[in-house]
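Listed below are the residues making up each chain.
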Amino acid sequence: MINDLILRGTAHNDTFRVFAVQNTAAVQKARDLHDLSPIATILLGRMLSAVAMMSWDLKHPEAEVTLRVDGEGPLAGAVAICTAQGFLRGYAFNPRFFLDNATANFLPGKAIGHGKLSIIRNDTNKQAFTGTCELISGEIAEDLAHYYAQSEQIPTAVNLGVLIDKEAKIRASGGFIIQQLPFAEPAIAEIIQSNIATTPNISDLMDMGLDLEEILMRFVFKGLQWKKHEEKQLLYHCSCTRERFSRALLLLGAEELQEMQEGIKPVCQYCGTEYAFSHTDMLSLINELKVKP
């Protein structure tokens, strides 16, 4: 299997920024970890693709970017996170939501309903930045393009695709983001827009055996010049540890911990790992709070 990766490049004399992602293995792992329904798989898979490409601008090695969708519909939404090192994780709010209509199970936007898209950039050495916008369709690609146009004034084209079979196998998952820089020629932007309009869904092309560079060269930048600058690997990897859960519990305060002193077994939302805290463990945490100044 081809390794998951993201690549960065530019087109037409560096007047367009180019990002592309292949993350089939990561989406398969997310589907398996959370036992996702088809519609939840497509939603979270698209978001994992998008947030992976958005992570390229992170500066600090421990920084991360979060893409969150909150909807009023029964699918509710999802959270996807990618670190500067290329570690992906995420979860869906209603992971086993399923519709009787087979076609509708591949259109998450209608099941999300009205809502908002949020982007949180945490560069660790700065205050976290949060940007939001109303959902346009809930199909993620259009919503993300709208976010960039409204919140950052960057004309952006986004294509995201997840192809899943009846056995819950992810046949292909990926996407691309093209951003027009201020000094780009409008005529070239029109050519790229026309090319994208006639480009098949990226997951279908990947399933046919085309890699990211072939897709960009043969379809998106047909008749134009583009170049890849670099690429890096992606991996679905959760950063949870018992120590992190302990620190989170301490934030609850002694009074709330007292109510849990018989012991608890919190489960990580991103990977499903269970951490058992016994009665003795809880008393130890309570005592730690008591001795703190």
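Residues numbered from 1 in each chain as written. Predicted model: local features only at pLDDT ≥ 70, side-chain atom pairs only at ≥ 80, totals over all residues. Heavy atoms only, no water.

Novice: Explain the sheet that holds strand 4 (residues 77-83) to me, please; I cannot follow it from the model alone.
Specialist: Two modes of strand pairing occur in sheets, parallel and antiparallel, and in both the strands are linked by backbone hydrogen bonds. Read from one edge to the other, the open sheet built from 6 strands follows the order 7-6-3-4-5-11, with strand pairing classed as mixed. The two strands at the open ends of the sheet, each matched to only one other strand, are strand 7 (129-134) and strand 11 (235-236). This element, helix 4 (residues 141-151), spans strand 6 (115-122) and strand 7 of the sheet and lies at about 115° to strand 7. (Pairing = 2+ DSSP bridges. Helix = DSSP H or I, 4+ residues; strand = E, 2+ residues; numbered from the N terminus. Contact = heavy atoms within 4.5 Å. Axes fitted to C-alpha atoms, helices over the stretch in contact; angles between N-to-C directions.)

Novice: What's the story with the pairing of strand 9 (residues 170-180) in this structure? I'm lost.
Specialist: Summarising burial for strand 9: 9 of the 11 residues are buried, a large majority. Here strand 2 (residues 16-22) pairs with strand 9 via 7 bridges, running antiparallel. Opposite Phe 19, over in strand 9, you have Ile 177 as the bridge partner. In terms of strand pairing, strand 8 (residues 156-164) meets strand 9 through 9 bridges, oriented antiparallel. Following the sheet pairing, Ile 164 is matched in strand 9 by Ile 170. (Buried < 20%, exposed > 50% of the residue type's maximum accessible area, 1.4 Å probe, protein only.)

Novice: Even after reading the chapter, I still don't get the packing of helix 8 (residues 242-250) against helix 10 (residues 279-291), so can you show me in this structure?
Specialist: When two helices pack together, their arrangement is captured by the angle between the axes and the distance separating the axes. Close contact between helix 8 and helix 10 brings their axes to 10 Å; oriented N to C, the two are set at 55°. Compared by their axis directions, helix 8 and helix 10 come out oblique. Crossing handedness for the pair helix 8 and helix 10: right-handed. Seen from helix 8, the contacting residues are Arg 242, Ser 246, Leu 249 and Leu 250; seen from helix 10, they are Asp 281, Leu 285, Glu 288 and Leu 289. Residues of the contact of helix 8 with helix 10, tallied by class, amount to 4 nonpolar, 1 polar and 3 charged. (Parallel < 35°, antiparallel > 145°, perpendicular 65-115°, else oblique. Left-handed = near helix turned anticlockwise from the far one by under 90°. Nonpolar A, V, L, I, M, F, W, Y, C, P; charged D, E, K, R; others polar.)

Novice: Explanation requested: the pattern of salt bridges in the structure shown.
Specialist: Close approach of charged atoms allows side chains with opposite charge to pair. Counted under the stated rule, the structure contains 15 salt bridges. Notably, a salt bridge pairs Asp 70 with Arg 68, separated by 2.8 Å at the nearest N-O pair. Here Asp 70 falls in the partly exposed class, since its relative accessible area comes to 21%. We note a salt bridge from Glu 152 to Arg 121, for which the minimum N-O separation is 3.3 Å. With Glu 152 in the loop between helix 4 and strand 8 and Arg 121 in strand 6, this residue pair connects regions lying 31 residues apart in the sequence. Connected through shared salt-bridge partners, Arg 31, Asp 32, Asp 35 and Arg 96 make up one network. (Salt bridge = Lys/Arg side-chain N within 4 Å of Asp/Glu carboxyl O.)

Novice: Just checking my understanding: could you explain the packing of helix 1 (residues 24-34) against helix 2 (residues 38-54) for this structure?
Specialist: With their axes 10 Å apart at the nearest point, helix 1 and helix 2 run at an angle of 140° to one another. Judged by the angle between their axes, helix 1 and helix 2 are oblique. Between helix 1 and helix 2 lies a crossing whose hand is right-handed. On the side of helix 1, the interface is formed by Val 27, Ala 30, Arg 31 and His 34, while helix 2 contributes Thr 41, Leu 44, Gly 45 and Leu 48. For the contact of helix 1 with helix 2, the per-class residue count stands at 4 nonpolar, 3 polar and 1 charged.

Novice: When you look at the side chain of Gln 22 in this model, what are you seeing that I'm missing?
Specialist: Examined against the element boundaries, Gln 22 turns out to sit in strand 2. Since its relative accessible area comes to 10%, Gln 22 is described here as buried. A polar contact of 3.1 Å, which involves the side chain of Gln 22, links it to the side chain of Asp 4. (Polar contact = N/O pair within 3.5 Å; in protein donor to acceptor, adjacent residues only side chain to side chain.)

Novice: Help me out: how do you make sense of helix 2 in this one?
Specialist: Within an α-helix, residues lying three or four positions from one another point in the same direction, as the helix has 3.6 residues per turn. Between the first and last C-alpha of helix 2 there are 24 Å, a value that for 17 residues agrees with the 24 Å anticipated at 1.5 Å per step. In terms of residue burial, helix 2 counts as a mostly covered element, since 16 of its 17 residues are buried. (Expected span 1.5 Å × (residues − 1).)

Novice: Hey, could you run me through the pairing of strand 1 (residues 5-11) in this one?
Specialist: When a strand is regular, its side chains alternate between the sheet's two faces. Among the 7 residues that make up strand 1, 6 are buried, leaving the element largely enclosed by the rest of the structure. In this structure, strand 1 lies alongside strand 2, joined through 7 bridges in antiparallel fashion. Looking across to strand 2, one finds that Ala 11 is bridged to Phe 16. What sits between the antiparallel neighbours strand 1 and strand 2 is a turn of 4 residues, in which His 12 has the positive phi angle 45°. Across 7 bridges, strand 1 lies against strand 10 (residues 226-233) in antiparallel orientation. Residue pairing across strands places Ile 6 opposite Lys 232, the latter belonging to strand 10.

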